[in-house]
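What follows is the residue order along each chain.
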Amino acid sequence: MPRAQLEAILDFILNKADDSEFEVIRKACERRVRDKTAFASLGGEGPGAMARRMANELQTNVGATMDSVRATMKGFVADIIRKNAPEVSEEQLATLLDEYVPEPGSSAALAKEAAEKAAASASALPPEALIGMVRSFVAYSEDRMPPSRQRELWESNPRWQDEYWAAFPAEIKALVKAYLEGKIDGDTFGTAVLSVLKL
């Protein structure tokens, strides 16, 4: 980094940053130190390399992973149906599950996939954009989003949460809801989201 740029950064931190900006900088420094310590125990592997490695591992185990995601989704949907419509018989429940979480290769799955492709092309949001939106939505919901990022989102679009939610595919909505309600853990959530978005 050029010396002039470093001096400008130090001047901003020491003389110009207001309390909220200084707090964001302090938290960012703490996170950097924490991440460096954590990544050192992983052989120095940073988030990008870790994400690529996990994606590669996921591709090699995609069959088992998708079965696990599908089972989690089926259980989640079944719980919602039983809670909201206790009069539904087991046979009706099975039919509903086949419709909402179809087995791959079935006519329902092919129809659902075609509908999802149409919706995806209509929204024109690449998976990389959606994963960023999911991260922002979850970070805000868990009160982990830095104030500067909150301000940026609210200023650019006061309805950003509603619009993000509307843009999420049905599977992502279900996973986000399950994670925020504590029904699945962070690792399962992250793996499932990457699988659904084919990342």
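Model, not experiment: these values are computed from the prediction.

Cut-offs applied
Starting afresh in each chain, residues are numbered from 1 along the sequence in its written order. Reporting in this predicted model follows two pLDDT cut-offs: at least 70 for local features of residues, and 80 or more for side-chain atom pairs to be given and counted; totals over whole chains, interfaces and linings ignore these cut-offs and use all residues. Each side-chain value is derived from all of the structure's non-hydrogen atoms; neither hydrogens nor water enter the calculation. In this text, buried Ala, Val, Leu, Ile, Met, Phe, Trp, Tyr and Cys residues form a nonpolar core when linked through side-chain atoms within 4.5 Å. The cut-offs for exposure are 20% and 50% of the maximum accessible area for each residue type, with area from a 1.4 Å probe on protein chains only; residues under the lower value are buried, those over the upper are exposed, and the others partly exposed. Numbered from the N terminus, helices here are DSSP runs of H or I no shorter than four residues, and strands are runs of E no shorter than two. Note on contacts: a residue pair qualifies if any of its non-hydrogen atoms lie within 4.5 Å across the two residues. The salt bridge criterion pairs a side-chain nitrogen of Lys or Arg with a carboxyl oxygen of Asp or Glu, the two atoms within 4 Å. Any two rings among Phe, Tyr and Trp, with Trp reduced to its six-membered ring, count as a pair given centres within 6.5 Å; such a pair is stacked if its planes are under 30 degrees apart, edge-to-face if over 60, and tilted if neither.

S.K.: An account of the nonpolar core is requested, with residue identities and associated values reported.
M.R.: Ranked by size, the top nonpolar core spans 34 residues in total, and within it Phe168, Ile172, Leu175 and Phe189 carry the most contacts. Secondary structure elements with two or more residues in this core: helix 4 (62-84), helix 5 (90-100), helix 7 (127-141), helix 9 (160-167), helix 10 (170-180) and helix 11 (186-196). A per-element tally of this core places helix 7 first, with 7 residues. Ignoring any residue separated from it by four or fewer positions in sequence, one finds Leu175 in contact with Met73, Ile184, Phe189, Ala192, Val193 and Val196.

S.K.: Any chance you could break down the pattern of salt bridges for me, citing the residues and the numbers?
M.R.: Side chains that differ in charge, positive against negative, can pair when their charged atoms come close. One pass over the full model with this rule turns up 11 salt bridges. In this structure, Arg149 and Glu152 form a salt bridge, with 2.8 Å as the shortest nitrogen-oxygen distance. Of this pair, Arg149 and Glu152 are both found in helix 8 (residues 147-156), 3 residues apart, which corresponds to roughly one turn of the helix. On the basis of relative accessibility, which here comes to 27%, the residue Arg149 falls in the partly exposed class.

S.K.: Just give me the short version of the environment of Phe76, but keep the residues and values in it.
M.R.: Inspection of the secondary structure puts Phe76 in helix 4. Relative accessible area serves as the criterion here: at 7%, Phe76 is assigned to the buried category. The spacing of Phe76 and Ala178 is 102 residues in sequence and 7.4 Å in space, taken between C-alpha atoms. The contacts of Phe76, once residues within four sequence positions are left out, are Ala174, Lys177, Ala178, Glu181 and Lys183.

S.K.: Can you explain the packing of aromatic side chains? Please cite residues and give values.
M.R.: This model, assessed by the stated rule, comprises 8 aromatic pairs. Centre to centre, the rings of Tyr140 and Trp160 are 5.5 Å apart; their planes meet at 80 degrees, and the pair counts as edge-to-face. Within this pair, whereas Tyr140 is found in helix 7, its partner Trp160 is found in helix 9, the two being separated by 20 residues in sequence. According to the relative accessible area criterion, Tyr140 is partly exposed, its value standing at 26%. On the basis of relative accessibility, which here comes to 2%, the residue Trp160 falls in the buried class. Cluster of aromatic residues (ring-pair linked, three or more members): Tyr140, Trp154, Trp160 and Tyr164.

So far we have only geometry, and geometry alone does not tell us how the molecule works.
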